[in-house]
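Listed below, chain by chain, are the residues.
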Amino acid sequence: AQKVTQAQTEISVVEKEDVTLDCVYETRDTTYYLFWYKQPPSGELVFLIRRNSFDEQNEISGRYSWNFQKSTSSFNFTITASQVVDSAVYFCALSEYQISAAGNKLTFGGGTRVLVKP
Amino acid sequence: EPEVTQTPSHQVTQMGQEVILRCVPISNHLYFYWYRQILGQKVEFLVSFYNNEISEKSEIFDDQFSVERPDGSNFTLKIRSTKLEDSAMYFCASTSGQGAGGTEAFFGQGTRLTVV
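Rules behind the numbers
Residues numbered from 1 in each chain as written. Chains lettered and ligands numbered in written order. Predicted model: local features only at pLDDT ≥ 70, side-chain atom pairs only at ≥ 80, totals over all residues. Heavy atoms only, no water. Helix = DSSP H or I, 4+ residues; strand = E, 2+ residues; numbered from the N terminus. Rg over C-alpha atoms; globule rule 2.2 N^0.38 Å. Contact = heavy atoms within 4.5 Å. Buried < 20%, exposed > 50% of the residue type's maximum accessible area, 1.4 Å probe, protein only. Areas by Shrake-Rupley, 256 points an atom, 1.4 Å probe, with all protein chains shown as cover. Salt bridge = Lys/Arg side-chain N within 4 Å of Asp/Glu carboxyl O. Pairing = 2+ DSSP bridges. Polar contact = N/O pair within 3.5 Å; in protein donor to acceptor, adjacent residues only side chain to side chain. Nonpolar A, V, L, I, M, F, W, Y, C, P; charged D, E, K, R; others polar. pLDDT = per-residue confidence, 0-100.

**Student:** Explain the overall build of chain B here, please?
**Tutor:** What chain B contains, in helices and strands, is zero helices and 11 strands. Counted from the first residue to the last, chain B has its helices and strands arranged as β-β-β-β-β-β-β-β-β-β-β. What you see for chain B is a C-alpha radius of gyration of 13 Å, in line with the 13 Å of a compact globule of 116 residues. Seen along its three principal axes, the alpha-carbon backbone of chain B occupies a region of about 40 × 30 × 30 Å. Long-range contacts, defined as pairs at least 24 residues apart, comprise 53% of the intrachain contacts of chain B with a sequence gap of at least 6.

**Student:** Would you mind showing me how to read the overall build of chain A here?
**Tutor:** From N to C terminus, chain A includes zero helices and 12 strands. The helix and strand sequence of chain A, counted from the amino end, reads β-β-β-β-β-β-β-β-β-β-β-β. In summary, chain A has a C-alpha radius of gyration of 14 Å against a globular reference of 13 Å for 118 residues, a match within 12%. With respect to the three principal axes, the spread of C-alpha positions in chain A is 45 × 30 × 25 Å. Every one of the 118 residues in chain A was classed for burial, and the buried ones make up 51%. If you take every contact in chain A between residues at least 6 apart in sequence, the share linking residues at least 24 apart comes to 57%. Per element, the accessible surface of chain A, about 5,600 Å² overall, is 49% carbon and sulfur.

**Student:** I'm lost on the pattern of salt bridges in this one. Help?
**Tutor:** Where charged atoms from two side chains of opposite charge come close, those side chains can pair. One pass over the full model with this rule turns up four salt bridges over all chains. B:Glu104 is the partner of A:Arg50 in a salt bridge, and the nearest nitrogen-oxygen pair spans 2.3 Å. With one member in each of two chains, A:Arg50 in strand β6 (residues 46-52) and B:Glu104 in the loop between β9 (88-95) and β10 (106-107) form a pair that bridges those chains. What makes B:Glu104 buried here is its relative accessible area of 19%.

**Student:** Looking at this structure, how should I read the pairing of strand β4 (residues 31-37) of chain B?
**Tutor:** Along a regular strand, successive side chains alternate from one face of the sheet to the other. Residues and elements named next belong to chain B. In terms of burial, β4 is largely enclosed, as seven of its seven residues are buried. Of the two faces of β4, both are covered, the one formed by Tyr-31, Tyr-33, Tyr-35 and Gln-37 as well as the one formed by Phe-32, Trp-34 and Arg-36. Looking at chain direction, β4 and strand β5 (residues 43-50) are connected through seven bridges and run antiparallel. The partner of Tyr-31 across the bridge, within β5, is Tyr-50. Connecting β4 to the next strand, β5, in antiparallel fashion are five residues, including Gly-40 with a positive phi near 80°. Sheet analysis places β4 next to β9, joined by seven bridges and oriented antiparallel. Within the sheet, the bridge partner assigned to Tyr-31 lies in β9 and is Thr-95.

**Student:** In this structure, what is going on with the interface of chain B and chain A? I would like to understand it.
**Tutor:** Interface size is commonly expressed as the accessible surface area that is lost when the partners come together. Each partner contributes to the interface: chain B provides 24 residues, whereas chain A provides 24 residues. Counting every contact that joins chain B to chain A gives two salt bridges. Where chain B meets chain A, there are five residue pairs in polar contact (both at pLDDT 80 or more). Looking at the side of chain B that touches chain A, the elements with two or more residues in it are β4, β5, β6 (53-57) and β9 of chain B. Looking at the side of chain B that touches chain A, its residues break down into 10 nonpolar, 11 polar and three charged.

**Student:** Hey, could you run me through the environment of B:Asn51 in this one?
**Tutor:** The topology assignment puts B:Asn51 in the loop between β5 and β6. Counting along the chain gives 26 residues from B:Asn51 to B:Pro25, while the straight-line C-alpha distance between them is 14 Å.

**Student:** How do you make sense of the confidence of the model for chain B when you look at a structure like this?
**Tutor:** Taken as a whole, chain B shows an average pLDDT of 92; of its residues, 95% reach a score of 70 or greater. The least confident element of chain B, judged by mean pLDDT, is β6(B) at 90; the most confident is strand β11 (residues 111-115) of chain B at 98.

Spelled out as structure tokens, the structure:
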């Protein structure tokens, strides 16, 4: 069974500081996908980034970057130069490769609440 | 930009009553999902739906729950006899299905169900 753990329940930073969110996952599949979603106070879930298990290249997209390390089963996410609008709950999620009709069921971590103070 | 829409945004119902939560997925998507988030907790998978049938369901999705795609656009979740513990935010999501697990899910804004 798959499992996603976000050990940090809440992080508080001052605007312009960087914030890194930890995510550790468990899966028996060799092919899987990892995601980060943002849940602002309004409640919706917003897709941020996706990474395939067979591509460990780390990337930067604007103020977001991620560090995927298969050897430690970690998929950490960093917001650079945080802004007040980044205040939200951030969820890490895992989807296993499915060739059946099941689509991509997501297993979510418990979420990390990020509070960015002005 | 296409989006998943859910109605109503908030529903209050009495324990034992039936509720139907409605969703309009993105029009060219093939896979549909319901997730649940009890207040302050993680988002949990309930059920996935493809080709007019359930493709996977979690242990939460018991006989009190059912899903339906009554026409070409709507996707509904019915809870037959609500319990207090059904109070949660319910999210509908859809994916195009390309990539066998790797496509991002697009979520609706959620329906907050309160059972009193």
